[in-house]
Structures are given as structure tokens and as C-alpha cells.
There are 4 protein chains.
Amino acid sequence: MEFCYELEMKVRDYECDLQGIVNNANYQHYIEHTRHEFLLSTGISFAKLHEEGIDAVVARLEMAFKTPLKSGDSFVSKLAVKKDRFKYIFYQNIYRLPDMKLVIKSEVTTVTVINGTLGECPVFDEIFKPYIKE
Amino acid sequence: MEFCYELEMKVRDYECDLQGIVNNANYQHYIEHTRHEFLLSTGISFAKLHEEGIDAVVARLEMAFKTPLKSGDSFVSKLAVKKDRFKYIFYQNIYRLPDMKLVIKSEVTTVTVINGTLGECPVFDEIFKPYIKE
Amino acid sequence: MEFCYELEMKVRDYECDLQGIVNNANYQHYIEHTRHEFLLSTGISFAKLHEEGIDAVVARLEMAFKTPLKSGDSFVSKLAVKKDRFKYIFYQNIYRLPDMKLVIKSEVTTVTVINGTLGECPVFDEIFKPYIKE
Amino acid sequence: MEFCYELEMKVRDYECDLQGIVNNANYQHYIEHTRHEFLLSTGISFAKLHEEGIDAVVARLEMAFKTPLKSGDSFVSKLAVKKDRFKYIFYQNIYRLPDMKLVIKSEVTTVTVINGTLGECPVFDEIFKPYIKE
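First, a word on scope: everything that follows refers to the structure included in this document. As the structure is a prediction and not an experimental result, all values here were calculated from the model. (Residues numbered from 1 in each chain as written. Chains lettered and ligands numbered in written order. Predicted model: local features only at pLDDT ≥ 70, side-chain atom pairs only at ≥ 80, totals over all residues. Heavy atoms only, no water.)

1. A few points about the relation of the copies chain A and chain D
Phase 1: Its rotation angle being 180°, the transformation that places chain A on chain D also includes 0.0 Å of axial translation and leaves an RMSD of 0.0 Å. These values place the two chain copies in the arrangement generated by a two-fold rotation axis. The C-alpha atom lying nearest the rotation axis in chain A is that of methionine 9 of chain A; the distance is 5.1 Å.
Phase 2: When you check the interface residues of chain A against chain D, 100% turn up at the interface there too, and the contact is symmetric in its surfaces. (Least-squares fit on C-alpha atoms with pLDDT ≥ 70 in both. Contact = heavy atoms within 4.5 Å.)

2. Some details on the environment of phenylalanine 124 of chain B
Residue and element names in this part refer to chain B.
Phase 1: Of note, phenylalanine 124 is situated in helix H3 (residues 122–128).
Phase 2: Here the alpha-carbon distance between phenylalanine 124 and glutamine 92, two residues 32 residues apart in the chain, equals 18 Å.
Phase 3: In this view, phenylalanine 124 contacts Leu39, Leu49, Ala56, Tyr88, Thr112 and Lys129; residues no more than four positions away in its chain are not counted. (Helix = DSSP H or I, 4+ residues; strand = E, 2+ residues; numbered from the N terminus.)

3. So, the relation of the copies chain C and chain A
In this structure, two copies of a chain are linked by a rotation about an axis accompanied by a shift along it.
Phase 1: Aligned on chain A, chain C shows an RMSD of 0.0 Å; the corresponding rotation is 180° and the shift along the axis is 0.0 Å.
Phase 2: A shared interface surface links the copies, since 100% of the contact residues of chain C are contact residues in chain A too.

4. Let's talk about the side chain of serine 106 of chain A
Residues and elements named next belong to chain A.
Phase 1: Mapped onto the elements of the fold, serine 106 is located in strand S5 (residues 102–114).
Phase 2: Within polar-contact distance, the side chain of serine 106 engages the backbone oxygen of glutamine 92 at 2.8 Å.
Phase 3: In this structure serine 106 touches Ile31, Glu62, Met63, Phe90, Tyr91, Gln92 and Asn93, once residues within four positions along its chain are discounted. (Polar contact = N/O pair within 3.5 Å; in protein donor to acceptor, adjacent residues only side chain to side chain.)

5. Remarks on the interface of chain C and chain A
Phase 1: Taken residue by residue, the interface counts 21 residues in chain C and 21 residues in chain A.
Phase 2: Both faces considered, chain C and chain A share a buried interface measuring about 2100 Å² in area, 48% of it formed by carbon and sulfur atoms.
Phase 3: Contact with chain A buries surface across chain C, with Leu18, Gln19 and Gln28 of chain C losing the most and accounting together for 25% of the total.
Phase 4: At the boundary of chain C with chain A, the tally comes to 2 salt bridges.
Phase 5: Between arginine 60 of chain C and glutamate 62 of chain A there is a salt bridge, and its shortest N-O distance comes to 2.8 Å. (Buried area = accessible area lost by both parts, 1.4 Å probe. Salt bridge = Lys/Arg side-chain N within 4 Å of Asp/Glu carboxyl O.)

Here it is, written out as C-alpha cells:
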């Protein structure tokens, strides 16, 4: 898979649970943050979109958990995007640094809600065009 | 101290960190939730207030951590409120159940921001009147 | 689907994000908490298991987000469990109260790691037997 | 105040609540992460300490909230440390970037629990010596 965006982060201890590893829900936080930073890198703010009545909403999520991250670990979160009719599908993997071991593999399907109605979002279409995988 | 509101809750495992105890930031969540449920019990929704341009904002927080909560613990979160000029001060303690051991003691000072400006909030004055400690 | 366990909860305002709805990662928290409470209802503590070297680990997660929960919403989180060789698959749906509108539908595949090694867990086999859907 | 350590971070959208600003509990996360990264910078891992039976525990916290952070904001979290008998007091301020507006001012009192007993921790004494403010 060819990714079009990547973001480095580091585990914060409060993200670890009593098993001593990053609690699974935090991977959802990591990949959400990665999508929003990807958006920002194209000049679009998720918060501003919301204020304009445009909400990108996750409709479906699949995650496979491969290697747990621990206190002190750094990682890179990578993203690719594909269009499927009016949906955008983000392929988002996280790799531990520096050994690049696969941490999670995920697929996130998003739809656009404009003033409360599901719809096509020309803003996204234009912005994502250079990144879309066919 | 005489409290005017209380709420029972139970530790959720994801709130515990790698020390095996509830991460301190979650006590801030617990007492915020208690304040909002107290508001609701008087007929006021924090979310609706926000939509109407009224934001109750925490200006100052003091917490003393006495006994850590662990996986499986239940607890009761108690609240008293006092007015100090245009501020409301909430005294919020958490006790472990069933032995009523003190978990945290806290003092939360809130102010009201109406359409972006700090000010008195007649809504709160009226609603809190029966609960205010002199 | 016939569920064998259910747990009522209520949205806490800190779980809502800038879109004014429950942030998606919190649904993962809700369903984790539901699984752990289900375990407890059978006499098993997730935290104690961890101390004994037995870790139930999520290997795979699928979630479909249907109706977002908002500030003030109550909901019921329901669970069914199936065995698939050495894996347990939990089917976990969340419904808004009181209208029982479907909030999320999820499938969580867990494996058991005993002292660091993937394996069958006789404890789970015995405990889940009465609940297992064929 | 002269700070001895600082860490730059950026708001993640999931840290914002329905008021559209960073939820207060996250500032506790930010300053905890800053202390742990400060520890790491001196060669000490909070997680490893815990495994060795040494737990740094927050006994008391005071925070004043000055300017809320929003989606897209970057900030720098600064730390100074003072010894007061067997306690360490961390002075931790957060400033918004790039205008260096004060976001929060906090004071965090920590004690050391060694194998379950409150006590002096020679490890910390030695490590913090160069940083301690008299």
C-alpha cells in the first residue's frame, strides 16, 4: 500500500491501561488525529468545517490489532484514501518506531453530512483528488 | 460539610492506568459529570446552555488525592455549592463505596461566560438558590 | 440476535466532542466496559486475570456507526458471545433509550494471552459455556 | 519563574468538548505527560519505576485556567521543580504558541510510594538535584 500522509507520535503514559499497554480506544484517537492533520495539511480544518455545517462522519471502522504499543514507544501513523461513490475510505496503519513493526491496520469509511443531510462534498472531492488511490 | 447532591458511579477499567489505579485526570471527569448531572437535576442542560451562548467555565481547581480507586470499585461523588460574588464554588468530594473512605477532596471555582463576556448569570442564581451554602 | 448481557449507561458530557456528539472512540470504551462488566457478572475480574498472567486481548474490531449519541442521552449496551476455535467473538450493539434506535453495531474478536503466549483459556471456556451462541 | 524543561504539543480534536475548547481534564493529561517526559529526559521511565515498586503519586493539584486552547492550537508546556521535605512540587505552566499567552498555571505536589509505603526516594533526589529550585 502506498500512503499519502504520515504523522509521528509518541505514546503518552495516560494512554496505557492496567495491562501496561496502550488501551485500544486510543488507536481510534490516533487515527482520527492523523486524518484531521492530513486534512489540515491540505488546508482544511475539521473544526471550521463543522462550524460551516459540514461534518465528516465515520460510518464504519475496521481495526486489526497486531502489536501493542507500550510506555515510551514512538510510532508513525500512515494514511491512504480511496473514493467509493459518495464515501471516502481511509486505510490507516500504525507502525512502531524504529523497527516498523505493524501495530494496527485499519479501514475507516467516512461520509459527509451537510447541514444534517448525507451528501457529496465537493470540497473534499477537490482537496483529496491528488491523493486518491484508484 | 453538608452536600446537596450526590451521584453513584463505578470505575471503568479503561480509566485505570499502568499503575493499576484510576488515572488522576479521570477524577476531573467524574466531578465534571457530577456538576452537569446536578445541573440537570435542577432542569438545566449544560449542552443547551452552551447552545444559548451561556458557558459555565472552570476558572480554578484544587484537588487533594487521598485514596486511589481501583478496578471494580464503586464510589459516590458528592457536591455542595457556595456563591462568592460572581463566582460559584463547588465543593466536591468522592468517597469509595461501601466503606466511605475519602478518595478525593476538591474545590472548583466556576465563572459564567455569556456570549463571550464574563458576567453574572441570573439563570444560575435562581436555580442554585435553594442549594447555596451561606 | 439474542443477547445474553446488557448494561445501561448515560452519556457524560466530556465524552462529546466539538461536533456536539459522542466521540467515536468512546463507543469502544462503552463496549469494553460492557465486556468487563459481563465478565464480572460471571465472577471474573479482568484486572485480577491480568494479575494472574491471563490477558484477554482484542485482535479485531468492526464497528458500524448508525445514530450518534448526544449530551443527555441514555443507552443500553447489549452483548452476545460465540466461540470460533480459540477465539471469542462478541457481538455488541448499543441502543439509545428509550426509543431503542440502533446507535452502533459491533463485532469484537478476542484472543487469550497466557503468560505472553496465545492460547486456549479453560477459565473462559467454562465460564462462557452457558452464554455461547452456537 | 525559571523553568527547567519544556515540551511542545498540539491540540488533538478529540480533546475538545462540546464547548469547542479543550476539555479541562486534558490539561491534567498534558502536564502529566510533561512530567513523565521530563523524567525520561533524565533517564528515568515512569513505567519502569512502577515495575520496580516505585510509584510517583500526585497528592495535590492546583490549576488556574486562563485561556482555553482550541482545535488547531499548538502550545508549550513548561516545568520547574522544588523539593519540600519528602515532597516534590512541580510548577507547570502551559503557553499557547506562538503568542505565548498563558493557558494554565498549575502546581502539582507529588510523593513517592515505595512498595506501598510513603517515603523518600533517593533516585529522585539524585536525578532532580540539578533542576531543583531553592
